[in-house]
Amino acid sequence: MGFKCAIVGLPNVGKSTLFNALTRTAAAQAANFPFCTIEPNVGEVLVPDERLEKIAAIALSKEVIATRLNFVDIAGLVKGASKGEGLGNQFLANIRETDAIAYVLRCFENDDIVHVSGEIDPIIDAQIVETELMIADLESLKKRIAGLEKKLRGQDKEAQLTLDLVNRSIKILEDDRPARFVERTEDEEKAFKELQLLTSKPVLYVCNVDDDSAVSGNEMTKQVADYAKEQDALSVIISAEIESQLAHLEDDEPKEYLAELGLKEPGLNRLIEQGYELLDLQTYFTAGPQETRAWTIYKGTKAPQAAGVIHTDFEKGFIRAQTIAYDDYIEFNGEQGAKEAGKARDEGKEYVVKDGDVMLFKFNN
């Protein structure tokens, strides 16, 4: 698994330009007018991880396979989208299928690019988009009440739990707070996710800046960073224009271009890093002569469930997992060297997989 991230924002904030650059495609029509994206575009990118190539070089692998991340470019929302304004509900539905939401916020001045509301204020932009999602959530929850109350009369215990979550969620939303602030127990988490609330998803604010602000940001990005803390969210600074330039460079040109700008890595890398942190994701590896592959799992995943990401049979028949920490794999030149140094461990069903583990699963067919 990787993760699926919706890219949302008001018209003309650079959302589709960023999508095109990040996915190295021209699938989304980037233009200086609202609603230039008519269908939700889905782009797939490889998750960069320098550890992959190092492991593959030692394992003499024929193929190197990175994990993948999907971006879904949602057409520019406007005030009233939840009531069908602009392209409305058609696109709100597409957001429900994603793991997280990246709000692209305009943090640059440019008289040649019109702003839909006439002024540049990334916080107001974020609030407009979130308000539309909150209104859609409220409407969705209120429609559920009658059906749940009917089930409750039939002594349905699950209906009681769900109705309680619905009422608590409505209260939070009516207090002008997104549903991710609903307090819930571990036992309630599954039922809460089944509500499919737009504002329950983790949020990453993407500050789209001009070239001069790409390294250190500006006053607007500082405001967004402070706002993100208040909203239990994260923020990242990216220049869609720089990413567009990078998308057309080859070989060593991207590194040279980034060095000229004073940037250590592309914005895509930073966006993915923040996305992984937001969703509590991490990576483990499998390595052999045929392939070295990265696998994405949630932090806290135990060995059998990590094996299940490869194939459900691996989880069902799990016996044990030979496990080598990444640093040990590199230091002792692979599996055999790690074994000789006593760094290859057999871990059982209760082992919690660590980021960077190189694993070989033993299972019953």
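Our subject is the structure listed above.
The structure reproduced in this document is the subject of the present report. In this text, all values refer to a predicted model and were calculated from it rather than measured experimentally.

1. Here's the deal with the layout of surface pockets
Part 1: Approximately 670 Å³ is the volume found for the largest pocket.
Part 2: If you trace the largest pocket, you find 20 residues lining it, with Asp99, Lys193, Ser200, Pro202 and Leu279 closest to the centre.
Part 3: Secondary structure elements with two or more residues in the lining of the largest pocket: α6 (189–194) and α10 (267–279).
Part 4: Broken down by element, the lining of the largest pocket gets its largest block of residues, three residues, from α6.
Part 5: Taken together, the residues of the lining of the largest pocket sort by class into seven nonpolar, three polar and ten charged.

2. Here we look at the nonpolar core
Part 1: One finds Val8, Phe71, Ile95, Tyr103, Tyr205, Val206 and Leu271 to be the most contacted residues of the largest nonpolar core, which totals 59 residues.
Part 2: For valine 206, the residues in contact, after removing those within four places along its chain, are Leu18, Ala102, Tyr103, Val104, Leu105, Val236, Ile238 and Leu271.
Part 3: Within the second largest apolar cluster, 17 residues are counted, among which are Met134, Leu141, Phe192 and Leu195.

3. Thoughts on the sheet that holds strand β5 (residues 100–106)
Part 1: Taken in spatial order, the six strands make up an open sheet running β2-β4-β1-β5-β6-β7, and their pairing is mixed. Each having just a single partner strand, β2 (41–46) and β7 (234–238) make up the two edges of the open sheet. Across the sheet, the mean angle from the axis of one strand to that of its neighbour is 25°, orientation sign disregarded.
Part 2: Bridge count for strand β6 (residues 203–208) against β7 is five bridges, and the pairing is parallel. Counterpart to valine 206 in the pairing with β7 is valine 236.

4. Some details on empty space enclosed by the protein
Part 1: Under the criterion given, the structure shown has two cavities of 30 Å³ or more.
Part 2: There is about 50 Å³ of room inside the largest cavity.
Part 3: Lining of the largest cavity is provided by Phe3, Cys5, Phe71, Ala100, Ile101, Leu204, Leu271, Gly275, Leu278 and Leu279.
Part 4: Those elements giving two or more residues to the lining of the largest cavity turn out to be β5 and α10.
Part 5: With four residues, the single largest contributor to the lining of the largest cavity is α10.
Part 6: When grouped by side-chain class, the residues that make up the lining of the largest cavity number nine nonpolar, one polar and no charged.
Part 7: Put simply, the second largest cavity is a space of about 30 Å³.
Part 8: The wall of the second largest cavity is formed by Ala214, Ser239, Ile242, Glu243, Leu258, Leu263, Glu265, Pro266, Gly267 and Arg270.
Part 9: Contributions of two or more residues to the lining of the second largest cavity are made by α8 (240–246) and α10.

How each quantity is defined
- Residues numbered from 1 in each chain as written.
- Predicted model: local features only at pLDDT ≥ 70, side-chain atom pairs only at ≥ 80, totals over all residues.
- Heavy atoms only, no water.
- 1 Å grid on protein atoms, 1.4 Å probe; cavity = no way out; pocket = protein on both sides within 12 Å on 5 of 7 lines; lining within 4 Å.
- Points joined across faces, edges and corners; volume = space filled by probe spheres on them.
- Helix = DSSP H or I, 4+ residues; strand = E, 2+ residues; numbered from the N terminus.
- Nonpolar A, V, L, I, M, F, W, Y, C, P; charged D, E, K, R; others polar.
- Core = buried A, V, L, I, M, F, W, Y, C linked by side-chain atoms within 4.5 Å.
- Buried < 20%, exposed > 50% of the residue type's maximum accessible area, 1.4 Å probe, protein only.
- Contact = heavy atoms within 4.5 Å.
- Pairing = 2+ DSSP bridges.
- Axes fitted to C-alpha atoms, helices over the stretch in contact; angles between N-to-C directions.

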